[in-house]
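# Coordinate analysis (summary)
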Amino acid sequence: MVQRLLQPGEIEALDHNAIPRLLLPQPATLFSARAKRLRQLAAGEVPGIPVEDALRGYLSLMAHVADAQHAAVAALGREGVALPDDASLKLAHDHNMPPLPATGARPAAWRTVFARLVEALAAAGNAPPQLAAAVATLRAMPEAELEGIADAILGNFDEGADPLRAPFVAAALQASWSLMAAQLDAAWAQPLMTGTLCPVCGSHPVASVVRIGGQSQGYRYLHCSVCESEWHMVRVKCSCCEANGKIAYQGLVGQDADPVGENIAAAKEGRTVHKANDPDKVARAETCDDCGTYRKIFNQEHDYDVDPLADDLGSMLLDVLVSEAGYARASGNPLLWLKENA
Ligand SMILES: [Zn+2]
Ligand SMILES: [Zn+2]
């Protein structure tokens, strides 16, 4: 009998202890769940993330944007934005490049997604008054201007990303890229030279998240700001410079130690501190004294419904706290664009 040799992917599949290194998005449910989470945050219903009054209106507005993303994705269906052809996917794979690069030529179908999104926003019930004004501006926008804002968002230039329109354009790009990523065979996405960029589209993560459930239990993932994929990165490691020597955590209730180290210290003293559903552990900033940046980490072990992008928007108090301590934010949130020097 000839024994068939296993391919690397099959070996991985046989190892039930293997860490799933890439979690591709599920756009059919992702945006509706995010809309719900944004509304909970806006209503002050998330114990670990207290939201100041000034932010509530913006979170409600972004909940409408997430609704519109859901509507656009649902209307266009699973294959609403086609994948690049196999030759392009293979070329990217062979050169260790992301298969769905966010920079470079965009599939024209993304503008259809944008149009659907704007129409869904126009039809939104109970919409705040500023939404109607935004819809009018978005409808009147010439194609060249729309593409210019998209270039600025995906290329990470602050210049050109008009803060009033960029969140809506970014929302359409996210919906488009997540539709593509959801159709992708994960084997096309190779780990990149750097673990800090999305292996699917090459973008920066918006935040990181500790997942629960199945083989992802307790592992930390970085959540892509554009295609909504999540990729594995070990805990207690800087998601900006990949150093691990000077990492610390700051919660919304002040300085907070790494739970692992905290548990070791507690065990020596005969106490247990790592209890589940601890609101203080839902949202924290992971700071790095090697590069002086921070990125937030949300923990599903302490709140099942965490959404890295929504929770990042909702926890702006944490940004204030950590930037006052002298750390710079590693990368932005696509649904929030602040004017330089504002
Ligand atoms: Zn991505
Ligand atoms: Zn660092």
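In what follows, the accompanying structure is described. (Residues numbered from 1 in each chain as written. Chains lettered and ligands numbered in written order. Predicted model: local features only at pLDDT ≥ 70, side-chain atom pairs only at ≥ 80, totals over all residues. Heavy atoms only, no water.)

### Things to note about the pattern of salt bridges
Our working definition: For this document, the term salt bridge refers to a Lys or Arg side-chain nitrogen within 4 Å of an Asp or Glu carboxyl oxygen. Classification of residues uses two cut-offs on accessible area relative to the type maximum, computed with a 1.4 Å probe and protein chains only: under 20% is buried, over 50% is exposed, and between them is partly exposed.
Summed over all chains, the structure comprises 25 salt bridges. The shortest N-O distance in the salt bridge between Glu-242 and Lys-237 comes to 3.8 Å. The partner of Asp-278 in a salt bridge is Lys-281, and the shortest N-O contact between them spans 3.6 Å. Just as Asp-278 is buried, Lys-281 falls in that class too. Here the salt bridges do not stand alone but share partners, grouping Arg-106, Arg-111, Glu-143, Glu-147 and Asp-151 into one network.

### With respect to the packing of aromatic side chains
Each aromatic ring pair is specified by the distance between its two centres and by the angle formed by the two planes. Stated precisely, the cut-off is as follows: Think of it this way: a Phe, Tyr or Trp ring, Trp meaning its six-membered ring, pairs with another when their centres are within 6.5 Å, and the plane angle makes it stacked under 30 degrees, edge-to-face over 60, tilted otherwise. In this description a helix means any DSSP run of H or I spanning at least four residues, a strand means any run of E spanning at least two, and both kinds are numbered starting from the N terminus.
Applying the stated criterion across every chain, the model contains one aromatic pair. Ring centres of Trp-110 and Phe-114 lie 6.2 Å apart, and the angle between their planes is 55°; this geometry places the pair in the tilted category. Note that Trp-110 and Phe-114 are positioned in helix α5 (residues 109-122) at a spacing of four residues, about one turn of the helix. Of the two residues examined, Trp-110 and Phe-114, each falls in the buried class.

### Thoughts on the coordination of the zinc ion (ligand 2)
Spelled out, the test is: Note on donors: an N, O or S atom is included if it sits within 2.8 Å of the metal, or within 3.2 Å for Na, K and Ca, and water is never included, so sites can look incomplete. In this scheme the shape depends on donor count and angles: four donors with every angle between 85 and 135 degrees give tetrahedral, four or six donors with opposite pairs above 155 degrees and others between 65 and 115 give square planar or octahedral in turn, and any other case is irregular.
Within the protein, Cys-238 (SG), Cys-241 (SG), Cys-288 (SG) and Cys-291 (SG) serve as the donor atoms for the zinc ion (ligand 2), at 2.3 to 2.4 Å. Viewed at the metal, the four donor atoms of the zinc ion (ligand 2) are separated by angles of 106 to 114°, and the geometry they form is tetrahedral.

### As for the coordination of the zinc ion (ligand 1)
Here the zinc ion (ligand 1) is held by Cys-198 (SG), Cys-201 (SG), Cys-224 (SG) and Cys-227 (SG), and the distances to it run 2.3 Å. Around the zinc ion (ligand 1) sit four donor atoms, and with donor-metal-donor angles ranging over 97 to 118° the site reads as tetrahedral.

### Some words on the side chain of Gln-40
Stated precisely, the cut-off is as follows: Whether two residues touch is decided by their heavy atoms; if any such pair falls within 4.5 Å, the residues are in contact.
Its place among the elements puts Gln-40 in helix α2 (residues 27-42). What Gln-40 contacts, discounting residues up to four positions off in sequence, is Glu-45 and Val-46.

### Notes on the environment of Asp-312
Cut-off, in case you're wondering: Distance and chemistry together define a polar contact, namely a pair of N or O atoms within 3.5 Å, with one atom able to donate a hydrogen and the other to accept it when in protein, and with adjacent residues in sequence counting only for side-chain atoms on both sides.
Tracing the backbone shows Asp-312 in helix α10 (residues 308-314). Looking at Asp-312, the relative accessible area reads 3%, which means it is buried. Distance from Asp-312 to Gly-332, taken between C-alpha atoms, is 9.7 Å for residues 20 residues apart in sequence. Setting aside its immediate chain neighbours within four residues, Asp-312 contacts Val-206, Lys-296, Phe-298, Asp-307, Asp-319, Arg-329 and Asn-333. Among the polar contacts listed, one links the side chain of Asp-312 to the side chain of Arg-329, at a separation of 2.7 Å. A polar side-chain atom of Asp-312 sits 2.9 Å from a polar atom in the side chain of Asn-333.

### Structural notes on the nonpolar core
Selection rule: Residues belong to a common nonpolar core when they are buried Ala, Val, Leu, Ile, Met, Phe, Trp, Tyr or Cys residues joined through side-chain atoms within 4.5 Å. Boundaries of every domain are those given by an automatic assignment or by a domain database.
Residues Phe-114, Leu-121, Ile-153, Val-169, Trp-177 and Val-200 are the most contacted members of the largest nonpolar core, which totals 78 residues. With 12 residues, the top contributor of residues to this core is helix α8 (residues 166-183). Counting contributing residues, this core receives three or more from each of domain 1 (22-188) and domain 2 (205-329). Within the second largest apolar cluster, six residues are counted, among which are Val-210, Cys-238, Ile-247 and Cys-288.

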